[in-house]
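Residues per chain are reported as follows:
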Amino acid sequence: MSFRQFTTRDGSVWIPKYLTKISAELCIGCGRCFKVCTHSVMKLMGFSEEGEYIDPEEDDDGEIEKTVMAIANEGNCIGCGACFAVCGTKAQTHEPVPA
Ligand code: SF4
Ligand code: SF4
């Protein structure tokens, strides 16, 4: 299978790996990935004991157990990998896309 690819300034092949998943189990909600992303891909969300994402502004019943990072605008990702590089818990999955 061939993947979508581009070229760097010196003409080398570059295959971007896009953010496809953030594990709510591994994420500690530190926000480091959010700070380095310049494309508004991620958003901090609440996570309940039942495994559901909850918008912190809509947690009227106090169901949020912890805060985790979630993908909010996956189409904005350019696959730069900056968020992957700063995540210390290996919570993120990045993958190339088919050409
Ligand atoms: S790979 Fe780059 S653009 Fe995509 S979410 Fe991470 S920091 Fe943002
Ligand atoms: S850097 Fe990793 S652990 Fe921290 S919020 Fe992002 S995905 Fe979660």
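Scroll up a little and you will see the structure.
Report on the accompanying structure.

Quick notes on the rules
- Residues numbered from 1 in each chain as written.
- Chains lettered and ligands numbered in written order.
- Predicted model: local features only at pLDDT ≥ 70, side-chain atom pairs only at ≥ 80, totals over all residues.
- Heavy atoms only, no water.
- Near = heavy atom within 4 Å.
- Nonpolar A, V, L, I, M, F, W, Y, C, P; charged D, E, K, R; others polar.
- Salt bridge = Lys/Arg side-chain N within 4 Å of Asp/Glu carboxyl O.
- Helix = DSSP H or I, 4+ residues; strand = E, 2+ residues; numbered from the N terminus.
- Buried < 20%, exposed > 50% of the residue type's maximum accessible area, 1.4 Å probe, protein only.
- Patch = residues over 30% accessible without salt bridge, like charges linked within 9 Å, V, L, I, M, F, W, Y side chains within 5 Å.
- Areas by Shrake-Rupley, 256 points an atom, 1.4 Å probe, with all protein chains shown as cover.
- Pairing = 2+ DSSP bridges.
- Lys, Arg positive; Asp, Glu negative; His and termini not counted.
- Charge placed at Lys NZ, Arg CZ, Asp CG, Glu CD.
- Core = buried A, V, L, I, M, F, W, Y, C linked by side-chain atoms within 4.5 Å.
- Contact = heavy atoms within 4.5 Å.

Around ligand 1 lies a shell formed by L19, C37, V41, M42, C77, I78, G79, C80, G81, A82, C83 and H94. Of the residues that constitute the shell around ligand 1, the class distribution is nine nonpolar, three polar and no charged.

With that settled, consider the pattern of salt bridges. One pass over the structure, following the stated rule, counts one salt bridge. Between D55 and K43 there is a salt bridge, and its shortest N-O distance comes to 3.4 Å. With D55 in the loop between β5 (53–54) and β6 (64–71) and K43 in strand β4 (residues 42–48), the pair connects residues that are twelve residues apart, well separated along the chain. Classification of K43 by relative accessible area gives partly exposed; the value is 35%.

Taken together, the side chains of M1, F3, V13 and I15 present a nonpolar region at the surface, about 420 Å² in accessible area. Judged by relative accessible area, which is 80%, M1 ranks as exposed.

Our focus in this paragraph is the pairing of strand β7 (residues 92–95). Across the two faces of β7 the burial differs, with Q92 and H94 buried and T93 and E95 not buried at all. As defined by bridge partners, strand β3 (residues 18–22) adjoins β7 across four bridges and the pair is classed as antiparallel. Opposite K21, over in β7, you have T93 as the bridge partner.

Spatially, three strands are ordered β5-β4-β6 in an open sheet, and the strand pairing comes out antiparallel. Of all the strands in the sheet, just β5 and β6 have a single pairing partner and so form its edges. Bridging between β4 and β6 involves seven bridges; their strand directions are antiparallel. For M42, the partnering residue across the bridge sits in β6 and is I71.

Take a negative patch on the surface next. A cluster of acidic residues, E49, E50, E52, E57, E58, D60, D61, E63 and E65, forms a negative patch at the surface. Along the chain, E65 turns up in strand β6.

A few words on the nonpolar core. Judged by nonpolar contacts, the single largest core of 14 residues is most densely connected at L19, I22, C27, M42 and M69. At the level of secondary structure, the elements contributing two or more residues to this core comprise β3, β4 and β6. By residue number, the principal contributor to this core is β3, which donates three residues. Beyond its immediate stretch of four places on either side in the chain, M42 contacts L19, I22, C33, F34, C37, M69, A70, A72, C83 and Q92.

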